[in-house]
Amino acid sequence: MGKYYSPTGGLPPQTHLTTERAIVTEAYTVIPKGVMTDIVTSNLPGFSNTRSWIIARPISGFATTFSQLIVEIGPGGGAPKAEFEAGVEGVIFVTRGRVSLTLDGELHQLEEGGYAYLAAGSEWGLENVSSDVVSFHWIRKAYERLEGYEAKSFVTNEKDVEPTAMPDTDGAWKTTRFTDSSDLAHDMQVNIVTFQPGGVIPFPETHVMEHGLYVLEGKAMYLLNNDWVEVEAGDFMWLRAFCPQACYAGGPGEFRYLLYKDMNRQVRLT
């Protein structure tokens, strides 16, 4: 078992209670790990020996700026060309195993914690050359170009990026930022947020950024609009713009999640 939670599919027995923790509201959605079974997976065009759980997509009343998939590739599987939609940027974050990424003609090996930003217009593909399953998150967004700026592809690993402690938290709340939030070339960020036991978001954040949050490790109480919801590793949360949010990490270990947000662009009115 790796450091990060990855779904393994399967199907509950007939004796399993149908009650689950799934919640869908106008302000937020919670998709618990227990509902990510075999029968809700999708195949992906161009991929072989691959399945995916699509946990966010632009639809009315849900995500508006991004899609997020959990992708599982078996040995020998993958896609020589993964992105077919022009103008779409992406982020890959590996949670299990090892995958070969060919990006604009260069070969990279992404292991657990591996992170790739895939700029709009880049040519890239994936292959699982190992004997084990590989799992990763794939976040996609239509890139909003800004005159004088252009985001560039890059590959790194979480362990090579120093987390930044939030002000006045004594390290109880840290964010691993893979891009500089002041860099206007980037219209989104996909970060990792870490809370030590007892760490909190000490006020209900209410802001224009839409969020996707996938819990990588641990458990916590999370405020979503007016509701305190208990979440754990493997759960996914979607928060609409301006949905109040806060967090209390009760332990016993760290609480960590992969966070998507859109940013750095003027609001379009026409």
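All of these numbers come straight from a predicted model, not from anything done at the bench.

### Comments concerning the state of the cysteines
Logical step 1: In the structure shown here, the tally under the stated rule is zero disulfides.
Logical step 2: Cysteine 243 forms no disulfide, and the closest cysteine sulfur to it belongs to cysteine 247, at a distance of 14 Å.

### Section: a nonpolar patch on the surface
Logical step 1: On the surface, a cluster of nonpolar side chains totalling about 330 Å² of accessible area is made up of Leu11, Ile39 and Val40.
Logical step 2: One can find leucine 11 in the segment before β1 (23-24).
Logical step 3: On the basis of relative accessibility, which here comes to 61%, the residue leucine 11 falls in the exposed class.

### Some thoughts on the sheet that holds strand β20 (residues 245-248)
Logical step 1: One open sheet accounts for four strands, arranged β15-β20-β17-β18; its pairing is antiparallel. The sheet terminates laterally at β15 (200-205) and β18 (227-232), the two strands that pair on one side only. On average, each strand axis in the sheet is tilted by 25 degrees relative to the strand beside it, whichever way the strands run.
Logical step 2: Sheet analysis places β15 next to β20, joined by three bridges and oriented antiparallel. Bridge pairing in β20 links isoleucine 201 to cysteine 247.

### Comments concerning the nonpolar core
Logical step 1: Core analysis: the largest hydrophobic core is formed by 31 residues, its most contacted members being Tyr117, Phe236 and Leu258.
Logical step 2: Not counting the four nearest positions on each side in its chain, leucine 258 is found in contact with Gln68, Phe93, His137, Ile139, Val190, Asn191, Ile192, Gly212, Leu213, Tyr214 and Leu216.

### Some details on the sheet that holds strand β13 (residues 173-176)
Logical step 1: Pairing in this open sheet of eight strands is antiparallel, and the strands run β1-β2-β19-β16-β21-β14-β13-β12 from one edge to the other. Two strands bound the open sheet, and with one partner strand each, they are β1 and β12 (164-165).
Logical step 2: Here β13 pairs with strand β14 (residues 188-195) via four bridges, running antiparallel. Within β14, the position partnered with threonine 175 by the bridge is valine 193.

### Observations regarding the UniProt feature "domain: Cupin type-2" (unreviewed entry) in the protein
Logical step 1: The feature "domain: Cupin type-2" (unreviewed entry), as annotated in UniProt, sits at residues 70-139 and 192-258 in this numbering.
Logical step 2: Along residues 70-139 the backbone is 0% helical and 63% strand, and the end-to-end C-alpha distance reaches 9 Å.

### Regarding the side chain of threonine 29
Logical step 1: Here threonine 29 shows up in strand β2 (residues 28-31).
Logical step 2: We classify threonine 29 as buried; its relative accessible area is 4%.
Logical step 3: When neighbours within four sequence positions are excluded, threonine 29 is seen to be in contact with Ile23, Val24, Phe62, Phe236, Met237 and Trp238.

### So, the packing of aromatic side chains
Logical step 1: Evaluated as defined, the whole model comprises 13 aromatic pairs.
Logical step 2: Look at tyrosine 4 and phenylalanine 93: their rings are 5.3 Å apart centre to centre, the planes differ by 75 degrees, and that puts the pair in the edge-to-face class. With a gap of 89 residues between them, tyrosine 4 in the segment before β1 and phenylalanine 93 in strand β5 (residues 88-96) connect regions that are remote in the sequence. Residue tyrosine 4 shares its accessibility class with phenylalanine 93, and that shared class is buried.
Logical step 3: Taken together, the ring pairs connect Trp173, Phe195, Tyr222, Phe255 and Tyr257 into an aromatic cluster.
Logical step 4: Over the face of the ring belonging to phenylalanine 84 we find lysine 81, whose NZ or CZ atom lies 5.6 Å from the ring centre.
Logical step 5: Over the aromatic face of tryptophan 138 sits the side chain of arginine 140, whose NZ or CZ is 5.7 Å from the ring centroid.

### Thoughts on unusual backbone geometry
Logical step 1: The peptide bond linking glycine 251 to proline 252 adopts the cis configuration, its omega dihedral lying at 10 degrees.
Logical step 2: Positionally, proline 252 belongs in the loop between β20 and β21 (255-262).
Logical step 3: Backbone geometry at aspartate 104 places phi at a positive 50 degrees, although glycine is not the residue there.
Logical step 4: Within the element layout of this structure, aspartate 104 appears in the loop between β6 (99-103) and β7 (106-110).
Logical step 5: One non-glycine residue, asparagine 264, adopts positive backbone phi at about 65 degrees.
Logical step 6: Note that asparagine 264 resides in the segment after β21.

What counts as what
Residues numbered from 1 in each chain as written. Predicted model: local features only at pLDDT ≥ 70, side-chain atom pairs only at ≥ 80, totals over all residues. Heavy atoms only, no water. Disulfide = S-S within 2.5 Å. Patch = residues over 30% accessible without salt bridge, like charges linked within 9 Å, V, L, I, M, F, W, Y side chains within 5 Å. Areas by Shrake-Rupley, 256 points an atom, 1.4 Å probe, with all protein chains shown as cover. Salt bridge = Lys/Arg side-chain N within 4 Å of Asp/Glu carboxyl O. Helix = DSSP H or I, 4+ residues; strand = E, 2+ residues; numbered from the N terminus. Buried < 20%, exposed > 50% of the residue type's maximum accessible area, 1.4 Å probe, protein only. Pairing = 2+ DSSP bridges. Axes fitted to C-alpha atoms, helices over the stretch in contact; angles between N-to-C directions. Core = buried A, V, L, I, M, F, W, Y, C linked by side-chain atoms within 4.5 Å. Contact = heavy atoms within 4.5 Å. UniProt positions renumbered as here; feature names shortened; annotations may be inferred. Phe/Tyr/Trp six-rings, centres within 6.5 Å; stacked < 30°, edge-to-face > 60°. Lys NZ or Arg CZ within 6 Å of the ring centre and 35° of its normal.

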